[in-house]
Amino acid sequence: MIGYRNFTHIQPLDHGSQPVLMVSCRDTRGELTFTYLSYEPKVGVRTLRKMRTDAVAAGGSHVILLSQEGLTPFANKERGEMDNSIDIEIFCKRELCVAVTHHCLVPPHQPLTRSQKAQLLSELRCRPMQLPKLKDSDPVARYLHLTPGTVVRIVRRIGSLEAEPDFRIVVGVPGARV
């Protein structure tokens, strides 16, 4: 998953405490991301707060948490009440057993740059919200960390026909924080 997100400086770490800090990496914009692995069945409020404070102290802007079963109800409530200065993504073990982008029925998803997005919208003579939608809770959107407003090129091959690109805009689902 980390390889698909255009991270440039990947540094493996072994934190030794709970949760285990596995990797710190920077993306192409220079933002620092921490990836944690929790051995607890469900991650509680204390662990969530510790990860957030560690990331803030180190100057990070993004945390990826891999857990067995997700968050406890209290931790989920706490996550909803946290400020949005740190982006925290939660993945359960069963969600990452298979790389969803490698499945034979999932076509390649390629996010467009801002210039490509502007060129596409001028060619199609439409506004961004007139494009077909892709929810940010979609498994591929979560796996690739596609944020609302991102336009994605999806190239589908149907039988022996020539591949046609399809474009979707990622939209946020109100109240659905996965």
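Our subject is the structure listed above.
Peer 1: Where do I start with the overall build of the chain in this structure?
Peer 2: When helices and strands are counted, the chain shows four helices and nine strands. Listing every helix and strand of the chain by position from the N terminus yields β-β-β-α-β-α-β-β-α-β-α-β-β. Within the chain, buried positions represent 38% of all 178 residues. The long-range fraction of contacts in the chain, counting pairs at least 24 apart against all pairs at least 6 apart in sequence, stands at 59%.

Peer 1: Help me out: how do you make sense of the nonpolar core in this one?
Peer 2: Soluble, globular proteins show a tendency: their nonpolar side chains are buried together. One finds Tyr36, Leu48, Met51, Val63, Leu65, Leu71 and Ile88 to be the most contacted residues of the largest nonpolar core, which totals 16 residues. Top element by residues in this core is helix H1 (residues 45-58). It accounts for four residues. Among the nonpolar cores identified, the runner-up in size contains nine residues, and Leu134, Ala141, Val152 and Ile154 belong to it.

Peer 1: Could you clarify how one ought to interpret the sheet that holds strand E8 (residues 151-156) in this entry?
Peer 2: With mixed pairing, four strands are arranged side by side in an open sheet as E6-E8-E9-E7. In the strand order of this sheet, the two ends are held by strand E6 (109-111) and strand E7 (133-135), each with one partner. Averaged over all pairs of adjacent strands, the angle between strand axes in this sheet comes to 40°, irrespective of strand direction. Bridging between E8 and strand E9 (residues 164-171) involves six bridges; their strand directions are antiparallel. Considered in E9, the bridge of Val155 is made with Pro165.

Peer 1: I'm lost on the side chain of Ser67 in this one. Help?
Peer 2: As for its placement among the helices and strands, Ser67 is situated in strand E4 (residues 62-67). Residue class for Ser67 comes out buried when judged on its relative accessible area of 2%. Excluding anything up to four places from it in sequence, Ser67 contacts Ser38, Val43, Ile90, Phe91, Cys92 and Lys93.

Conventions adopted
Residues numbered from 1 in each chain as written. Predicted model: local features only at pLDDT ≥ 70, side-chain atom pairs only at ≥ 80, totals over all residues. Heavy atoms only, no water. Helix = DSSP H or I, 4+ residues; strand = E, 2+ residues; numbered from the N terminus. Buried < 20%, exposed > 50% of the residue type's maximum accessible area, 1.4 Å probe, protein only. Contact = heavy atoms within 4.5 Å. Core = buried A, V, L, I, M, F, W, Y, C linked by side-chain atoms within 4.5 Å. Pairing = 2+ DSSP bridges. Axes fitted to C-alpha atoms, helices over the stretch in contact; angles between N-to-C directions.

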